[in-house]
Amino acid sequence: MSDLSIDDDGTARCAWAGADAEYQRYHDEEWGTALHGDRRLFEKMSLEGFQAGLAWITILRKRPRFREVFLDFEPRAVAGFGIDDVERLMQDAGIVRNRAKIEAVIGNAALVAEMGEGELDALLWSFAPVDHAPPATFAEVPALTPESTAMSKELRRRGFRFVGPTTMYALMQSSGMVDDHVAGCWRAAGS
């Protein structure tokens, strides 16, 4: 498989974006773009946790419903969810119906709600590597790094769940803490 896909108009993208319009939009507008703010980073953390074991496109297509049922990922609101909310969410085919993941989002929301404004943002970004070189090929893209492992360890120490090192590396990629657009992609550094 090539590391790039080329549109009819000549636009080169990371091959994983393929021909799916939503995946291309996500690649072009979000993935690898610096994201800040406790609520948006909590959303990314939650969605990356839901993605574990699934294709990201599944989560991306369900994201509007996730946002609706998790009250736009407002941590204080989600932290107030109880067992009735868990049961309601388990019946909602518009999201991933995994009890452990749903309960993790609620528990993680409570932890974020206890933090000061901007603290989650500062904590997550404190693990962004300062010397990350964008990859030339997908073979150079790691599944996890020492930084994502350290982030995972710290989050777990604080009580967060579904924040393993691979999941946290995906968070780092999606929120622009690292730039893993491959060489030749129109979004790659230096392109």
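Note: the structure precedes this text.
Keep in mind that this is a model prediction, so the values were computed, not measured. (Residues numbered from 1 in each chain as written. Predicted model: local features only at pLDDT ≥ 70, side-chain atom pairs only at ≥ 80, totals over all residues. Heavy atoms only, no water.)

S.K.: Explain empty space enclosed by the protein to me, using residue names and the numbers behind them.
M.R.: The final tally for this structure, using the stated rule, is one cavity of 30 Å³ or more. Every residue lining the largest cavity is listed: Met45, Ser46, Gly49, Phe50, Lys101, Ala104, Val105, Asn108, Arg161, Phe162 and Val163. Taken together, the elements giving at least two residues each to the lining of the largest cavity come down to helix H2 (38-51) and helix H6 (99-114). Grouping the constituent residues of the lining of the largest cavity by class yields six nonpolar, three polar and two charged. (1 Å grid on protein atoms, 1.4 Å probe; cavity = no way out; pocket = protein on both sides within 12 Å on 5 of 7 lines; lining within 4 Å. Points joined across faces, edges and corners; volume = space filled by probe spheres on them. Helix = DSSP H or I, 4+ residues; strand = E, 2+ residues; numbered from the N terminus. Nonpolar A, V, L, I, M, F, W, Y, C, P; charged D, E, K, R; others polar.)

S.K.: Can you lay out the packing of aromatic side chains for me, pointing to particular residues and giving the numbers?
M.R.: Ring pairs (aromatic) are described by centroid distance and by the angle formed between their planes. Within this structure, the stated rule accounts for ten aromatic pairs. Consider the rings of Trp16 and Tyr23, whose centres lie 5.3 Å apart with planes at 80°: the pair is edge-to-face. The class for Trp16 is partly exposed, based on a relative accessible area of 22%. Measuring from centroid to centroid gives 5.7 Å for Tyr26 and Trp56, while their planes differ by 45°, and the two rings are tilted. Of this pair, Tyr26 sits in helix H1 (residues 21-29) while Trp56 sits in helix H3 (residues 56-69), and the two are 30 residues apart along the sequence. With respect to class, Tyr26 is no different from Trp56; both count as buried. An aromatic cluster of three or more residues is present, and its members are Phe42, Phe50, Phe66, Phe70, Phe73 and Phe81. (Phe/Tyr/Trp six-rings, centres within 6.5 Å; stacked < 30°, edge-to-face > 60°. Buried < 20%, exposed > 50% of the residue type's maximum accessible area, 1.4 Å probe, protein only.)

S.K.: Give a detailed account of the layout of surface pockets, specifying residues and quantitative values.
M.R.: Considered as a void within the structure, the largest pocket measures approximately 350 Å³ in volume. Considering the residues around the largest pocket, the lining is formed by 18 residues, among which Trp31, Glu48, Trp56, Ala170 and Gln173 are closest to the centre. If one sorts the elements of the lining of the largest pocket by residue count, helix H9 (residues 165-174) sits on top with six residues.

These figures capture arrangement, not role.
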